[in-house]
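Coordinates in review
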Amino acid sequence: MELQIVLVILGAAGVVSAFLFALKGLLDQIPDVIRSWRRVVDEARRSHSDHGSEPGGQHPPSAGVDGSC
């Protein structure tokens, strides 16, 4: 009976150790995922704002402050 208790404790410790190792691996990847997501969002915003502009990125000339061209 004592041997079974020891085996259960060792088995549970092994499972917990493997779980923590896998969890640490996942948590180490989170900063890279966040950086990649921010790049995707920034690129989407940049392409969305460029979509409505004139070809070549140039805007038509605007009138001066006094209304002259």
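See the structure shown above.
Residues numbered from 1 in each chain as written. Predicted model: local features only at pLDDT ≥ 70, side-chain atom pairs only at ≥ 80, totals over all residues. Heavy atoms only, no water.

Describing a nonpolar patch on the surface
Formally: Only residues whose relative accessible area exceeds 30% and that form no salt bridge enter a patch; like-charged residues are grouped when within 9 Å of one another, and nonpolar side chains (Val, Leu, Ile, Met, Phe, Trp, Tyr) when within 5 Å. For the accessible areas, the method is Shrake-Rupley and the probe is 1.4 Å, while residue cover comes only from the protein chains on display. Each salt bridge in this description consists of a side-chain nitrogen of Lys or Arg and a carboxyl oxygen of Asp or Glu lying within 4 Å of one another. Helix numbering and strand numbering both begin at the N terminus, where a helix is a DSSP run of H or I of at least 4 residues and a strand a DSSP run of E of at least 2.
On the surface, Val16, Phe19, Leu20, Leu23, Leu27, Ile30 and Ile34 cluster together to form a nonpolar patch covering roughly 640 Å² of accessible area. Mapped onto the elements of the fold, Ile34 is located in helix α1 (residues 2–51).

Quick notes on the pattern of salt bridges
Defined as follows: Think of it in three bands: residues with accessible area under 20% of the maximum for their type are buried, residues over 50% are exposed, and the middle band is partly exposed, with areas taken using a 1.4 Å probe on protein chains only.
Evaluation of the coordinates by the stated rule reveals 3 salt bridges. Across the pair Lys24 and Asp28 runs a salt bridge whose closest N-O atoms are separated by 2.9 Å. Of this pair, Lys24 and Asp28 both sit in helix α1, 4 residues apart, roughly one helical turn. The partner of Arg35 in a salt bridge is Asp32, with the nearest N and O atoms 2.6 Å apart. Of this pair, Arg35 and Asp32 both sit in helix α1, 3 residues apart, which is roughly one turn of that helix. Since its relative accessible area comes to 48%, Arg35 is described here as partly exposed.

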